Amino acid sequence: MSTQDATDRHQQKMQKHKEKVDAAIERAQEERGVIIVLTGNGKGKSSSGFGTLIRTLGHGYKAGLVQFIKGTWDCGEAKILSQLDGLSHEVMGSGFTWETQSKEKDQQAFDQAWPKAKAMLSDPQLRTVMLDEITYMLSYKLLNFDDLKEALINRPPMQNVILTGRGAPTALRELADTVTDMKMEKHAFKAGVKAQPGIEW
Ligand code: ATP
Ligand code: MG
């Protein structure tokens, strides 16, 4: 094939691709907030959510963040984000960890945090709300799915919600508009590399 033929074929291919993309953009005209679920065993769920909060704040919108697991409080993103105007930031009281092993204490901590999350989910000023590691509140039965669902479906129409954590239940995936299942192909920790600030938290 001559260089000219190759150039023409490339141009035709790109033109077809552009027509498809333009048609998809034309079809997507509905304006409303979305529910985004970031789940799976691979790395990148919370950091993606934090990046999206920065995106929201960068456009001058207000945002909310509730962190449900102790140990994620101290992450680099939360340190920066909480300095920014426009972010409402809550962390779950005495802190759920893998070590507490007291359902009662965890439930108390959750019961204090949940009304704060619900207040964010009913505040039309907040363009994006992130509920970091909320899936564990469901899997440890500290939160009923129906209560979460009610808060999500009654939220202000333009509000986006990001929910992170492994093992998102099917009902949550079905309710969501966007679901990303992070697949672990490799993780340095598994090869014995120590977790480091700036990468892991
Ligand atoms: P990140 O906060 O880096 O986006 P994540 O939110 O997807 O990660 P979590 O399940 O919340 O992951 O785990 C939090 C911590 O565990 C992070 O420090 C992350 O690097 C690490 N981690 C994530 N996935 C794995 C894995 N498959 N094996 C070992 N460690 C992991
Ligand atoms: Mg996480």
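Model, not experiment: these values are computed from the prediction.

This next bit is on unusual backbone geometry. Non-glycine residue glutamate 133 carries a positive phi angle of around 65 degrees. Relative to the helices and strands, glutamate 133 resides in the loop between strand E4 (126-132) and helix H5 (135-139). You can call glutamate 133 buried: its relative accessible area is 11%. Positive phi, close to 60 degrees, is recorded for lysine 141, a residue that is not glycine. Position of lysine 141 among the secondary structure elements: in the loop between H5 and helix H6 (145-153).

On to the UniProt feature "domain: Cob(I)alamin adenosyltransferase N-terminal" (unreviewed entry) in the chain. When the UniProt feature table is mapped onto this chain, "domain: Cob(I)alamin adenosyltransferase N-terminal" (unreviewed entry) is found at residues 1-25. Structurally, residues 1-25 is divided into 92% helix and 0% strand, and its ends, taken at the C-alpha atoms, are 34 Å apart.

The domain boundaries assigned to the chain delineate domain 1 (1-30) and domain 2 (33-191). Here the C-alpha centre of domain 2 lies 38 Å away from the C-alpha centre of domain 1.

The environment of ligand 1 is formed by 14 residues, the closest being Lys43, Gly44, Lys45, Ser47 and Glu200. Backbone polar atom of asparagine 41 to a nitrogen atom of ligand 1: 3.0 Å apart, as the coordinates give it. In isolation ligand 1 exposes 570 Å². Once the protein is present, 82% of that is buried. Partitioned by chemical class, the residues of the shell around ligand 1 number two nonpolar, six polar and six charged.

Conventions used here
- Residues numbered from 1 in each chain as written.
- Chains lettered and ligands numbered in written order.
- Predicted model: local features only at pLDDT ≥ 70, side-chain atom pairs only at ≥ 80, totals over all residues.
- Heavy atoms only, no water.
- Helix = DSSP H or I, 4+ residues; strand = E, 2+ residues; numbered from the N terminus.
- Buried < 20%, exposed > 50% of the residue type's maximum accessible area, 1.4 Å probe, protein only.
- UniProt positions renumbered as here; feature names shortened; annotations may be inferred.
- Domains from an automatic or database assignment.
- Near = heavy atom within 4 Å.
- Polar contact = N/O pair within 3.5 Å; in protein donor to acceptor, adjacent residues only side chain to side chain.
- Areas by Shrake-Rupley, 256 points an atom, 1.4 Å probe, with all protein chains shown as cover.
- Nonpolar A, V, L, I, M, F, W, Y, C, P; charged D, E, K, R; others polar.

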